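# Structural overview for review
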Amino acid sequence: RLKYPPVREEVLVQIARAVDGRQTTDARDEAQRLYFEAIDIAEAERHDELAAQIWSRLVLLATHMDAGTDQAHAWWRRNEAAVRRIGNSNSDRARLHYMLGGIYYRESKYAEAEREAIQSIAAISRAPWQALPRTLRKIHSILHIAYAKVRVRNHERSGKGNSKER
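Residues numbered from 1 in each chain as written. Predicted model: local features only at pLDDT ≥ 70, side-chain atom pairs only at ≥ 80, totals over all residues. Heavy atoms only, no water.

## Here we look at the overall build of the chain
- Each helix and strand counted, the chain has seven helices and zero strands in total.
- N-terminal to C-terminal, the α/β element order of the chain is α-α-α-α-α-α-α.
- By residue count, 37% of the 166 residues in the chain fall in the buried class.
- For the chain, restricting intrachain contacts to residue pairs at least 6 apart in sequence, the fraction spanning at least 24 positions comes to 56%. (Helix = DSSP H or I, 4+ residues; strand = E, 2+ residues; numbered from the N terminus. Buried < 20%, exposed > 50% of the residue type's maximum accessible area, 1.4 Å probe, protein only. Contact = heavy atoms within 4.5 Å.)

Structural data, given as C-alpha cells:
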C-alpha cells in the first residue's frame, strides 16, 4: 500500500480512469469508489487541481451512465467550485460550459445546451492555443463548427439568407 498521499491519489485516479473507460455499471461503481477515495485525499492535501480533474470525471460518469441528471448537476457544482479554487482559467471555464451543455442536452434543454456551447467557445477562444490540452483543441474545433452551423441556421430562419448565394 502506498503511504505517500499525493502519489496514492494520482495512482487511484489513473486506475479509476482505466476502469471508467469500460462503461459498465460494475465498472462505473468501482471507478466512482476510486475517484471518491482519491478526492478525499486530494481535498485533504489541498491538491485542488487534481480535485477539479476528478470532479470533471465524475460529472462525465454521471452524465453518460445515470438515467437522470441530478447527480451530474450536483457534481458539476463541485467541479465548478474546484475550478474557482485553482484560478478559473479560460480553458477550465470552457470545459465547465461544455459539460453543463452536455447535461442540458441529456435533459432535452437544447436552448440551454446551445447557450453553454457558445459560452464554451467564447471561453476557449480567450485561452492561449498552446496552453490548451489536445482534447480541448478538438472540442474548440468542433464547437466552432457547431456554432457556425447555428449562425447559418439562424440567419436562414430570419429570412436574410439567400439559398442562391454560395
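## Quick word on the nonpolar core
- In terms of nonpolar packing, the biggest core is built from 32 residues, with Tyr35, Ile54, Leu58 and Trp76 touching the most fellow members.
- Within the residue set of this core, elements represented by two or more residues are helix 1 (5–20), helix 2 (25–44), helix 3 (48–65), helix 4 (70–85) and helix 5 (90–106).
- Looking at this core, the element that brings in the most residues is helix 3, giving nine residues.
- Those residues in contact with isoleucine 54 that lie beyond four places of it in its chain are Val13, Tyr35, Ala38 and Ile39. (Core = buried A, V, L, I, M, F, W, Y, C linked by side-chain atoms within 4.5 Å.)

## Regarding helix 3
- Helix length check: helix 3, at 18 residues, gives a terminal C-alpha distance of 25 Å against a target of 26 Å (1.5 Å per residue), a fit within 8%.
- Among the residues of helix 3, those classed as buried are Leu50, Ala51, Ala52, Ile54, Trp55, Ser56, Leu58, Val59, Leu61, Ala62 and Thr63. (Expected span 1.5 Å × (residues − 1).)

## Some details on the confidence of the model for the chain
- Per-residue confidence for the chain gives a mean pLDDT of 81; residues scoring 70 or more make up 80%.
- Note on residues 161–166: pLDDT under 50 across the span, and two contacts to partners over four residues away in sequence or across chains. (pLDDT = per-residue confidence, 0-100.)

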